[in-house]
Amino acid sequence: MAQMTGIDSDNLLLSEESPRDYGPQPLGEILAERGLTNHQVVAASTEQLTHKMMGKACRGRYLSPKVRQKILRALNRLTGESFSLSQLFNYR
C-alpha cells in the first residue's frame, strides 16, 4: 500500500493555513463566570452533544460548525440568555 503524505493520524488533510488548535475559547470564561460546568451544558442539550465535544470546545480544538451550533443552543437553553457564536468561539 502506498504511503500518504500530508495526512494526520485521523486521516484528515492538514493545511498550514488552518490550525486545529485555537487556544482557550471565550466559552470557557462564560461558563466559569456563571459557575457552570461542561456536564450541565451537555445535560441541557436536546441533541447529541458529548462531554468530549465540550472539552474540545473549551480547549480550543477545531469543531465543525454543526457542533458549535449544538453547543450554542444548549448554552442558550441552559442560561436563558441569547449568545452568538462569535461570543463563544474566536474562530469560524
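None of the values given here were measured: they were computed from a predicted structure.

Conventions adopted
- Residues numbered from 1 in each chain as written.
- Predicted model: local features only at pLDDT ≥ 70, side-chain atom pairs only at ≥ 80, totals over all residues.
- Heavy atoms only, no water.
- Helix = DSSP H or I, 4+ residues; strand = E, 2+ residues; numbered from the N terminus.
- Buried < 20%, exposed > 50% of the residue type's maximum accessible area, 1.4 Å probe, protein only.
- Areas by Shrake-Rupley, 256 points an atom, 1.4 Å probe, with all protein chains shown as cover.
- Core = buried A, V, L, I, M, F, W, Y, C linked by side-chain atoms within 4.5 Å.
- Contact = heavy atoms within 4.5 Å.
- Salt bridge = Lys/Arg side-chain N within 4 Å of Asp/Glu carboxyl O.

1. So, the overall build of the protein chain
A count of helices and strands for the protein chain gives five helices and zero strands. Going from the N terminus to the C terminus, the protein chain shows its helices and strands as α-α-α-α-α. By residue count, 33% of the 92 residues in the protein chain fall in the buried class. Element-wise, carbon and sulfur atoms account for 51% of the exposed surface of the protein chain, whose accessible area totals about 6400 Å².

2. Quick word on the nonpolar core
Residues Leu27, Ile71 and Leu75 are the most contacted members of the largest nonpolar core, which totals 21 residues. Counting residues per element, this core draws most heavily on helix H4 (residues 65–79), at five residues. Other than its neighbours up to four places away in sequence, leucine 75 contacts Leu27, Ile30, Leu31, Leu36, Val41, Gly80, Phe83 and Leu88.

3. As for the environment of leucine 27
Locating leucine 27 in the fold gives a position in helix H1 (residues 26–33). Those residues in contact with leucine 27 that sit more than four places away from it in its chain are Met54, Ala57, Cys58, Ile71, Leu75, Leu88 and Phe89.

4. Quick notes on the pattern of salt bridges
A complete count under the given rule lists three salt bridges for this structure. The shortest N-O distance in the salt bridge between arginine 34 and glutamate 81 comes to 2.9 Å. A residue pair is termed long-range when its members are at least 10 positions apart, and arginine 34 in the loop between H1 and helix H2 (38–44) and glutamate 81 in the loop between H4 and helix H5 (85–88) qualify at 47 residues. Residue arginine 34 is classed as partly exposed on the basis of its relative accessible area, which comes to 32%. Accessibility expressed as a relative area gives 35% for glutamate 81, which makes it partly exposed. Linking glutamate 47 and arginine 73 is a salt bridge whose minimum nitrogen-to-oxygen distance equals 2.8 Å. Here arginine 73 lies in helix H4 and glutamate 47 lies in the loop between H2 and helix H3 (51–59), a separation of 26 residues in the sequence. A residue is classified by how much of its surface remains accessible, and glutamate 47, at 29% relative accessible area, is partly exposed.

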